[in-house]
Amino acid sequence: MEQTVRTLASFIITSLDGFYEGPNGEFDWPIVDEEFNDFAIRQLDAADTIGFGRATYEHMAAYWPTEQARVNDPAITSRMNTKPKLVFSTTLEDAAWSATTIARGQAAELVPAIKASAGGELLVIGSTHLTASLAEAGALDELRIMVCPVVIGQGRSLFEDLKERISLTLVRVRQFGSGNVLLTYRPSPHAS
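Residues numbered from 1 in each chain as written. Predicted model: local features only at pLDDT ≥ 70, side-chain atom pairs only at ≥ 80, totals over all residues. Heavy atoms only, no water.

Tell me about the pattern of salt bridges, and name the residues and values.
Applying the stated criterion across every chain, the model contains eleven salt bridges. Of the charged contacts in the structure, one is a salt bridge between Glu121 and Arg144, with a shortest N-O distance of 2.7 Å. One end of the pair, Glu121, is in strand S6 (residues 121–125); the other, Arg144, is in strand S7 (residues 142–148), and 23 residues separate them in sequence. In this pair, the class of Glu121 matches that of Arg144, namely buried. (Salt bridge = Lys/Arg side-chain N within 4 Å of Asp/Glu carboxyl O. Helix = DSSP H or I, 4+ residues; strand = E, 2+ residues; numbered from the N terminus. Buried < 20%, exposed > 50% of the residue type's maximum accessible area, 1.4 Å probe, protein only.)

Any details on the environment of Arg6? Residues and values, ideally.
Structurally, the position occupied by Arg6 is in the segment before strand S1 (8–15). Take Arg6: its relative accessible area is 8%, and that puts it in the buried class. Between the alpha carbons of Arg6 and Met60 there is a distance of 24 Å; along the sequence they are 54 residues apart. Once residues within four sequence positions are removed from consideration, Arg6 is found in contact with Asp48, Thr49, Ile114, Lys115, Ser117, Ala118, Gly119, Gly120, Glu121, Leu122 and Asp141. At 2.9 Å, the side chain of Arg6 forms a polar contact with the side chain of Thr49. Within the local environment of Arg6, its side chain forms a polar contact with the backbone oxygen of Gly120, the two atoms lying 2.9 Å apart. (Contact = heavy atoms within 4.5 Å. Polar contact = N/O pair within 3.5 Å; in protein donor to acceptor, adjacent residues only side chain to side chain.)

Explain the packing of aromatic side chains residue by residue, including any values.
Inspection of every chain in the model, using the stated rule, returns eight aromatic pairs. Ring centres 5.5 Å apart and planes at 55 degrees place the aromatic pair Phe11 and Phe39 in the tilted group. Of this pair, Phe11 sits in strand S1 while Phe39 sits in helix H1 (residues 34–46), and the two are 28 residues apart along the sequence. On the basis of relative accessible area, Phe11 is assigned to the buried category, the value being 7%. (Phe/Tyr/Trp six-rings, centres within 6.5 Å; stacked < 30°, edge-to-face > 60°.)

So what about helix H5 (residues 107–116)? Which residues, and what values?
Those residues of H5 that sit buried are Ala107, Val111, Ile114 and Lys115. Down the axis of H5, the smallest arc covering the buried residues is 90 degrees, so these residues share one side. Across from the buried face of H5, at angles greater than 90 degrees, the exposed residues are Glu109, Pro112 and Ala113. On its buried side, H5 packs onto S1, strand S4 (85–89), S6 and helix H6 (128–136). (Arc of directions from axis to C-beta.)

Please give an account of helix H4 (residues 74–82) that cites residues and values.
Along H4, the residues that are buried comprise Ile76, Thr77, Met80 and Asn81. Buried residues of H4 fall within an arc of 125 degrees about the axis and therefore sit on the same side. Exposed residues lying more than 90 degrees from the buried face of H4 are Pro74 and Thr82. Considering only its buried residues, H4 is in contact with H1, strand S3 (47–53), helix H2 (54–63), helix H3 (67–72), S4 and S6.

Next up, the structure:
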């Protein structure tokens with residue numbers, strides 16, 4: 001019987017000018033409405049495992065298990081707290097958030113074995129450093145960028161850590177009523 005290889009996708013929200021957070025770490029500008037939440041729920045349901053880099057994991061682990069999260073986003077909260085999670089880190093000592101496993105080492109070196117293991121989609125959420133390294137290594141199957149209709153002028157660039165050029169093939173576009181646009185790409189690393 002032929003074994004299928006797991007897919008690895010990454011989902012990141014950016015401003016129209018390509019920043020994933022403001023200069024002081026602000027992330028108060030994304031447009032999150034009912035249509036966005038429906039998309040987020042379907043995306044989480046389609047994923048077998050959620051992946052994070054250490055910094056994003058720590059932010060997520062500090063929010064999703066809280067009462068505030070349960071009140072604000074009950075459907076997403078239940079999925080975030082029960083879905084298997086994988087955090088890629090060389091420094092994280094403990095992962096107390098439910099259903100979390102630490103993948104110790106360099107993500108690009110660990111991913112081939114993870115993709116060869118049984119399971120469905122591994123969805124990396126919000127982890128820009130991790131996403132850039134996976135894309136450069138040719139390990140990322142799909143890059144989903146939600147572009148919000150806001151210009152913030154300065155901040156942290158989505159691919160500021162990128163060391164090599166990566167060509168992208170656009171595979172889908174979805175426009176939301178809010179003006180958000182989801183761009184789905186297939187990365188092609190090491191293009192010159």
